[in-house]
Amino acid sequence: MDETGELIHPDTFKTPEQGATASVPLAASPLIEGVTGCYFDKDVQPAEVVPGGAA
């Protein structure tokens, strides 16, 4: 929040719709049935975990 109490929205924040673009297809996809412990990028592709990356 800024000094007037307004929320600050950095460009790195996503809208709920943007955030769901990977979660919803992955949750409904039969292609990843049984896949666990993996990360996927914004294009719904498997992504590597980067040691020491941004938290």
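None of the values given here were measured: they were computed from a predicted structure. (Residues numbered from 1 in each chain as written. Predicted model: local features only at pLDDT ≥ 70, side-chain atom pairs only at ≥ 80, totals over all residues. Heavy atoms only, no water.)

### Here we look at the overall build of the chain
Link 1 in the chain: The helix and strand inventory of the chain stands at one helix and two strands.
Link 2 in the chain: Of the regular secondary structure in the chain, the N- to C-terminal order runs α-β-β.
Link 3 in the chain: Computed over the C-alpha atoms, the radius of gyration of the chain is 15 Å, more than 25% above the 10 Å expected from 2.2 N^0.38 for a compact globule of 55 residues.
Link 4 in the chain: If one aligns the C-alpha atoms of the chain with their principal axes, the spans along those axes are about 50 × 30 × 15 Å. (Helix = DSSP H or I, 4+ residues; strand = E, 2+ residues; numbered from the N terminus. Rg over C-alpha atoms; globule rule 2.2 N^0.38 Å.)

### Quick notes on the confidence of the model for the chain
Link 1 in the chain: For the chain, the mean per-residue pLDDT works out to 81, and 95% of the residues sit at or above 70.
Link 2 in the chain: Highest mean pLDDT in the chain belongs to strand 2 (residues 46-47) (87); lowest belongs to helix 1 (residues 16-28) (84). (pLDDT = per-residue confidence, 0-100.)

### A word on the environment of Leu-31
Link 1 in the chain: Among the structural elements, Leu-31 can be located in the loop between helix 1 and strand 1 (39-40).
Link 2 in the chain: What makes Leu-31 exposed here is its relative accessible area of 77%.
Link 3 in the chain: Linking Leu-31 and Glu-17, residues 14 residues apart in sequence, is a C-alpha distance of 22 Å. (Buried < 20%, exposed > 50% of the residue type's maximum accessible area, 1.4 Å probe, protein only.)

### Let's talk about unusual backbone geometry
Link 1 in the chain: Positive phi, close to 60°, is recorded for Val-44, a residue that is not glycine.
Link 2 in the chain: Relative to the helices and strands, Val-44 resides in the loop between strand 1 and strand 2.
Link 3 in the chain: Classification of Val-44 as partly exposed rests on a relative accessible area of 26%.

### Topic: helix 1
Owing to its 3.6 residues per turn, the α-helix brings residues three or four apart onto one side.
Link 1 in the chain: For helix 1, spanning 13 residues, the distance from its first C-alpha to its last is 18 Å, which sits close to the expected 18 Å at 1.5 Å a residue.
Link 2 in the chain: The largest bend in helix 1 is about 30°, located at Ala-22, with the proline Pro-25 one to four residues further on. (Expected span 1.5 Å × (residues − 1). Bend = angle between axes of the 7 residues up to and from the residue.)

### What about the environment of Thr-21?
Link 1 in the chain: As for its placement among the helices and strands, Thr-21 is situated in helix 1.
Link 2 in the chain: For Thr-21, a relative accessible area of 46% translates into the label partly exposed.
Link 3 in the chain: In this structure the side chain of Thr-21 is engaged in a polar contact, spanning 2.8 Å, whose partner is the backbone oxygen of Gln-18. (Polar contact = N/O pair within 3.5 Å; in protein donor to acceptor, adjacent residues only side chain to side chain.)

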